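A closer look at the structure
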Amino acid sequence: MTERSRQPELDQPAETGQSPAVADLAAGGFAAETEILTTTGPRRVGRLTPEDRVYALNLATGVMQPKRVLNVEAVTPTDPPVEIRTRRGHLKLLQDHRIPYQTKSISRIRTHSAGELATRQEYKFVNDWQTRAHPRLEQVDMTELAKEYEVGVTPNCHGHTFRARLPDGCEPSRYGGEVGYYFDPDTFETYRSSIEDTAAEVTIHAGPNHWRRPITFDGDDFLEFLGWFITEGSITHSSNRDTSEIGIAQKTASHRERIAELFDRMEIDVCVSENGFSFSSKLFARVLHRLCGGSSHEKRLPEFVFTLPREQQELLLDTLFAGDGNDWGVYYTASDQLAADILRLFAYLEYKPRYTVRNGNWQLYLGTSRDGFSSTAHVSSTTDTSPCYRLAVADYSAVMAGIDGKFQWVGVSQVG
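Residues numbered from 1 in each chain as written. Predicted model: local features only at pLDDT ≥ 70, side-chain atom pairs only at ≥ 80, totals over all residues. Heavy atoms only, no water.

**Examining the packing of aromatic side chains**
We describe a pair of aromatic rings using the distance from one ring centre to the other and the angle between the two ring planes. The line we're drawing: Between the rings of Phe, Tyr and Trp (Trp by its six-membered ring), a pair exists once the centres lie within 6.5 Å; its type follows the angle of the planes, with under 30 degrees stacked, over 60 edge-to-face, and the other angles tilted. Think of it this way: any DSSP run of H or I at least four residues long counts as a helix, any run of E at least two long counts as a strand, and we number them from the N terminus. Only protein chains enter the area calculation, which uses a 1.4 Å probe; residues under 20% of their type maximum are buried, those over 50% are exposed, and those in between are partly exposed. For a Lys NZ or an Arg CZ to count as sitting over a ring, it must be within 6 Å of the ring centre and within 35 degrees of the ring normal.
This structure, assessed with the given rule, holds 21 aromatic pairs. Judged by centre distance (5.9 Å) and plane angle (75°), the rings of phenylalanine 217 and phenylalanine 284 are edge-to-face. Highlighted residues: phenylalanine 217 in strand 18 (residues 216–218) and phenylalanine 284 in helix 7 (residues 282–292), separated in sequence by 67 residues. As far as burial versus exposure is concerned, phenylalanine 217 and phenylalanine 284 are alike and both buried. On the basis of an interplanar angle of 35° and a centroid distance of 6.4 Å, the ring pair of tyrosine 355 and phenylalanine 407 is categorised as tilted. Of the two residues, tyrosine 355 sits in strand 24 (residues 355–358) while phenylalanine 407 sits in the loop between strand 29 (398–402) and strand 30 (408–411), which places them 52 residues apart along the sequence. Under the relative-accessibility criterion, tyrosine 355 is labelled buried at 11%. The class of phenylalanine 407 is buried, set by a relative accessible area of 0%. Lying across the ring of tyrosine 396, lysine 67 places its NZ or CZ 4.6 Å from the centre. Here the guanidinium or amino end of arginine 174 rests over the ring plane of tyrosine 182, the centre of that ring lying 3.8 Å away.

**Thoughts on the sheet that holds strand 19 (residues 233–237)**
Backbone hydrogen bonds are what pair the strands of a sheet, in a parallel or an antiparallel way. Our working rule: Strands are treated as partners if at least two bridges between them are detected by DSSP. Axes here refer to lines fitted to C-alpha atoms; in helices the fit is confined to the stretch in contact. Angles between the N-to-C directions go from 0 to 180 degrees. Pairs of residues are marked as contacts when any of their non-hydrogen atoms sit within 4.5 Å.
Pairing within the open sheet is antiparallel, and its 4 strands lie in the order 19-20-22-21. Edge strands, defined here as strands with exactly one partner in the open sheet, are strand 19 and strand 21 (271–273). Adjacent strand axes in the sheet meet at a mean angle of 20°, parallel and antiparallel pairs treated alike. Across 3 bridges, the pairing between strand 21 and strand 22 (residues 276–280) is antiparallel. By the bridge assignment for strand 22, serine 273 is matched with glycine 276. The sheet strands contacting helix 7 are strand 19, strand 20 (244–249) and strand 22, and the helix crosses strand 20 at an angle near 65°.

**Looking at the layout of surface pockets**
Rules: Every definition here rests on a 1 Å grid over the protein atoms only: cavities are sets of points where a 1.4 Å probe fits but cannot get out, pockets are open sets enclosed by protein on both sides within 12 Å along at least five of seven lines, and lining residues have some atom within 4 Å of a point. Grid points are joined across faces, edges and corners, and a volume is the space filled by probe spheres set on the points. For this classification, the nonpolar set comprises Ala, Val, Leu, Ile, Met, Phe, Trp, Tyr, Cys and Pro, the charged set comprises Asp, Glu, Lys and Arg, and every other residue, Gly included, is treated as polar.
Empty space within the largest pocket amounts to approximately 420 Å³. As for the largest pocket, its lining consists of 19 residues, and the residues nearest its centre are Arg212, Arg213, Glu267, Ile268 and Asp269. At the level of secondary structure, the elements contributing two or more residues to the lining of the largest pocket comprise strand 16 (199–205), strand 17 (213–214) and strand 22. Size it by volume and the second largest pocket reaches roughly 220 Å³. Surrounding the second largest pocket, 16 residues form its lining, Glu350, Lys352, Gly367, Thr368 and Ser369 being those nearest its centre. Grouping the amino acids of the lining of the second largest pocket by side-chain chemistry returns 5 nonpolar, 4 polar and 7 charged.

Following this line, the structure appears as structure tokens:
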């Protein structure tokens, strides 16, 4: 991250701690077709409300965070709007709209109004930012993800000794032969440490006559598993048995090897065919459906993904691309929600979101170029007199905005 001079007039919140009056927004405006990246995905600027949170950038510190929308106001242009159109950026702005930029020789972020861009030949868009640090997801506990379950416990001692060591009130719900004892969720959570201290194995399942699976998984392994399920996974509910089958389709040899090793680490026994992998678990089916959706059109990223550290987000993105991406950095999906979530993930990993939609299918582009624009080749005036929208955002002065699915960091009209 490069050094940046402080610009308190742009990025410091109001000293009173209260939002300033924003009925009269200061300057600038976005064309109506402009989308802003929000915590629910791209949204047209005119449809934003104070309930929305947009991804905003502090130009003084280079930190991106979700920030509240304070106000949106329609204005009619009095002068021709300015259009900036490049391969990776498309903006249409009122002439007094502030555009943050850098140059090849000076990394410090400065701003120009759109109408003054002709004063310099070459500009760099803002290409560096970061997010707040988050702790690693070290372990995933299925009892925290499942709502209904039963825990099976194989004692590390004789059954009578195991029962005698349990605290008063810690009663198994049933005895299970070779497995040992079973506990309902309330009992297990209340007395978990005592139960695990005398257990040789602890497993979890949906209930009697269901497959037992490990109760905890390594955080990285679970994220990789989610990545494969989101891209190549399916859930099939049996019509004649009380169970569900989780399948992960995969024919590529290198990916099959990677998935097989993953299931070995997770200690999940799977059926292997020429088309992929499968295993039965009603509990896993419930958890996966709630976290990630079911069919290909319903798939999504779990919300906790956006509170992970960078290295674990990169692991997930790498797995997603292994499933439904290509070597040129393009990801394909038919799910509107998954597309919105991956565009958000791009921003967390310092990739500018870019997409196209064709016949309901999304193509998401993982761009790494440090892009910019030329005032002579990429900037022009328009004759469009359609209403534009001024945007007020809490605390930070730039948002990820663009037309035609091409996003760049651009200033806002008011900071509250």
